[in-house]
2 protein chains.
Amino acid sequence: MKPITNMEKSPWETLASKKIYENAWYALRQDQVRTHTGKQITYTFMEHPGAVAIVPVTADQKIVLIKSYRYTVKDWCWEIPMGGRDHEDLEIVAKKELMEEIGGVTSNLEYIQYFYANNGVSNIRCDVFLARDVEIGKNHPEDSEMIEIAFFSKDEVIRMAYAGEITDGMSALSIFLCEKYL
Amino acid sequence: MKPITNMEKSPWETLASKKIYENAWYALRQDQVRTHTGKQITYTFMEHPGAVAIVPVTADQKIVLIKSYRYTVKDWCWEIPMGGRDHEDLEIVAKKELMEEIGGVTSNLEYIQYFYANNGVSNIRCDVFLARDVEIGKNHPEDSEMIEIAFFSKDEVIRMAYAGEITDGMSALSIFLCEKYL
């Protein structure tokens, strides 16, 4: 294998860029790009402001999951609270999503890690928080959210993640990234 | 919390559906939908044929990762071989991607699990294989791929995944799902 000797941040050059679609949550960006080989290609991808995911743990060490209906896959998925980044401050987004999806309140948020959810076709980045001492009240789902809340032990959630029962990948990965802090 | 008593597969009704964009890899589908509350909404999402991800392990128990430049995020990511599902048979896709990305050959493929990579805005489903006894030769990357190959022990790959060094979420989660089989 020939090594890549020139690992600068942007070995590809953007020649032109436009949005060909946009809604309230994301856009579709179409760029003309010169790659490392010199070839010109069109690269079209979903431009997303990013997501914030929160693994919520109550004072008595229960992990809160939501069962959510996802129209995209016509399936119910176990998930953690998560939402689009609609504010510069990640903690503000995390607290808003906790309230919306599980009626959760905490002052104990710890930033854990980030990952790219689907980097071949989208720039979406997911920032993961662990929320401790979460108090649960009445949730406030959006019209496009159909969810039910349930409480699990750490061992059960980890078992579910390994067994593939948490089919929402962003939630499963967030749980693994938090595992050692649970 | 009011329980969701009616967990049928499709509590939302599709009233109309059209593609508003399409390329060789995915489409953007725009549906008119009646939700569980009776409200009509427009739901626009990326329609993708699915991805196949492979955790490749050599006969001497090394795990093969690729460092890949991702234009979407303008960043280099540690990843496992992965590609769009361009054939009905998942094993055929897995073997093709192994060859393209790491020049890998094996007859020892085990299906592990699937997950949805980004279920709020895309139907993309990722099917994960563990590939054992992989022999590595010359790779054949596509024009849009800029990759370098490296070999790691199982312990090192797991450490990297927990530490957030494998920033491609689909790769990190695939590795966790394979962990107990490694």
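Scroll up to find the structure.
Summary of the structure given here. The numbers attached to residues start from 1 for each chain and follow its sequence in the written order. Here chains are named by letter from A upward and ligands by number from 1 upward, in the order in which they appear as written. Side-chain atom pairs in this predicted model are given and counted only at pLDDT of 80 or more, local residue features only at pLDDT of at least 70, and totals for whole chains, interfaces and linings cover all residues. Neither water nor hydrogens contribute to the side-chain values; these are computed over all heavy atoms in the structure.

**Here's the deal with the sheet that holds strand β2 (residues 27–34) of chain A**
All names here are of chain A. In this description, strands pair whenever DSSP reports at least two bridges between them. In this text, helices come from DSSP runs of H or I with a minimum length of four residues, and strands from runs of E with a minimum of two, each type numbered from the N-terminal end. Here three strands make up an open sheet; going across it, the order is β1-β2-β3 and the pairing antiparallel. Strand pairing shows two members of the sheet lacking a second neighbour, β1 (13–22) and β3 (40–47), which therefore form its edges. Across the sheet, the axes of successive neighbouring strands diverge by a mean angle of 20 degrees, strand direction being ignored. Pairing of β1 with β2, which is carried by eight bridges, proceeds in the antiparallel orientation. Within β2, the residue paired with Glu13 across the bridge is Arg34. Axis angles are defined between N-to-C directions and span 0 to 180 degrees, where every axis is a line fitted to C-alpha atoms and, for a helix, only to the segment in contact.

**Concerning the sheet that holds strand β3 (residues 40–47) of chain B**
Residue and element names in this part refer to chain B. The sheet built from three strands is open, its strands ordered β1-β2-β3 with antiparallel pairing. On the outer flanks of this sheet lie β1 (13–22) and β3, each paired with one strand and no other. Put simply, the sheet's adjacent strands are angled 20 degrees from each other on average, direction ignored.

**Here's the deal with the relation of the copies chain B and chain A**
Least-squares fitting of one copy onto the other uses the C-alpha atoms of those residues that reach a pLDDT of at least 70 in both copies. Each copy of the sequence occupies a distinct position, and chain B is placed on chain A by a rotation of 180 degrees and an axial shift of 0.0 Å, giving an RMSD of 0.0 Å. Here the two chains are linked by the operation of a two-fold rotation axis. Minimal C-alpha distance to the rotation axis in chain B is attained by Leu173 of chain B, lying at 2.7 Å. With an isologous cut-off of 70% or more, the 100% of interface residues of chain B that recur at the interface of chain A puts this contact in the isologous class. Note on contacts: a residue pair is in contact if any heavy atoms of the two residues lie within 4.5 Å.

**Quick word on the packing of aromatic side chains**
Any two rings among Phe, Tyr and Trp, with Trp reduced to its six-membered ring, count as a pair given centres within 6.5 Å; such a pair is stacked if its planes are under 30 degrees apart, edge-to-face if over 60, and tilted if neither. All chains considered together, the criterion is met by 25 aromatic pairs over all chains. Seen in terms of ring centroids, Tyr111 of chain B and Phe129 of chain B are 5.3 Å apart; in terms of plane orientation they differ by 80 degrees. Their pairing is edge-to-face. Here Phe129 of chain B lies in strand β10 (residues 125–132) and Tyr111 of chain B lies in strand β9 (residues 108–116), a separation of 18 residues in the sequence. Residue burial is assigned from relative accessible area. The probe radius is 1.4 Å, only protein chains are included, and a residue is buried under 20% of its type maximum, exposed over 50%, and partly exposed in between. Exposure remark for Tyr111 of chain B: the relative accessible area of 37% places this residue in the partly exposed category. Owing to a relative accessible area of 2%, Phe129 of chain B belongs among the buried residues under this scheme. Members of the aromatic cluster, joined through ring pairs, are Trp12, Tyr43 and Phe45 of chain A together with Tyr69, Tyr71 and Trp76 of chain B. Criterion for a charge above a ring: Arg CZ or Lys NZ at most 6 Å from the ring centre, at most 35 degrees from the ring normal. Taking the ring centre of Tyr71 of chain A as reference, the NZ or CZ of Lys74 of chain A above it sits at 3.8 Å. Sitting above the plane of the Tyr114 of chain A ring, Arg125 of chain A keeps its charged end 3.9 Å from the centroid.

**Topic: the interface of chain B and chain A**
Interfaces are often described in size by the accessible area the parts lose on coming together. Contacts between the two partners involve 74 residues from chain B and, on the opposite side, 74 residues from chain A. Counting each side, the surface lost to burial between chain B and chain A is near 6,800 Å², with a carbon and sulfur contribution of 61%. We define a salt bridge as a side-chain nitrogen of Lys or Arg found within 4 Å of a carboxyl oxygen belonging to Asp or Glu. Scanning the region where chain B abuts chain A turns up zero salt bridges. Each polar contact in these results corresponds to two N or O atoms within 3.5 Å; when the atoms are within protein, one needs to be able to donate a hydrogen and the other to accept it, and residues that are neighboring in sequence are counted only if both atoms are side-chain atoms. At the junction of chain B with chain A, the criterion picks out 26 residue pairs in polar contact (both at pLDDT 80 or more). In terms of residues, the side of chain B that touches chain A owes the most to one element, helix α3 (residues 169–178) of chain B, which gives six residues. Charged residues are taken to be Asp, Glu, Lys and Arg, nonpolar residues to be Ala, Val, Leu, Ile, Met, Phe, Trp, Tyr, Cys and Pro, and polar residues to be all remaining types, Gly included. Looking at the side of chain B that touches chain A, its residues break down into 38 nonpolar, 21 polar and 15 charged. Joining two parts hides part of their accessible area as seen by a 1.4 Å probe, and the buried area is that hidden amount summed over both.

**A word on the packing of helix α3 (residues 169–178) of chain A against α3 of chain B**
With their axes 10 Å apart at the nearest point, α3 of chain A and α3 of chain B run at an angle of 65 degrees to one another. In this structure, α3 of chain A crosses over α3 of chain B, and the sense of that crossing is left-handed. Residues Gly169, Ala172, Leu173 and Phe176 of chain A of α3 of chain A pack against Gly169, Ala172, Leu173 and Phe176 of chain B of α3 of chain B. Looking at the contact of α3 of chain A with α3 of chain B residue by residue, the classes come out as six nonpolar, two polar and no charged. In this scheme the handedness of a crossing depends on how the near helix is turned from the far one: anticlockwise by less than a right angle means left-handed, clockwise means right-handed.

**Some thoughts on the pattern of salt bridges**
Residues and elements named next belong to chain A. Counted by the stated rule, this structure contains 20 salt bridges over all chains. Measuring nitrogen to oxygen at the nearest pair gives 3.1 Å for the salt bridge that ties Arg159 to Glu156. Here Glu156 and Arg159 lie together in helix α2 (residues 154–162), a separation of three residues that amounts to about one turn. Classification of Arg159 as partly exposed rests on a relative accessible area of 37%.

**Regarding the environment of Thr14 of chain B**
Relative to the helices and strands, Thr14 of chain B is located in strand β1. For Thr14 of chain B, a relative accessible area of 35% corresponds to the partly exposed category. Taking the C-alpha atoms as reference points, Thr14 of chain B and Thr42 of chain B, 28 residues apart in sequence, are found 9.9 Å from one another. Discounting residues that sit within four places of it in the chain, Thr14 of chain B has contacts with Tyr71 and Lys74 of chain A together with Asp31 and Gln32 of chain B. For Thr14 of chain B, the side chain forms a polar contact with the side chain of Tyr71 of chain A, separated by 2.6 Å.

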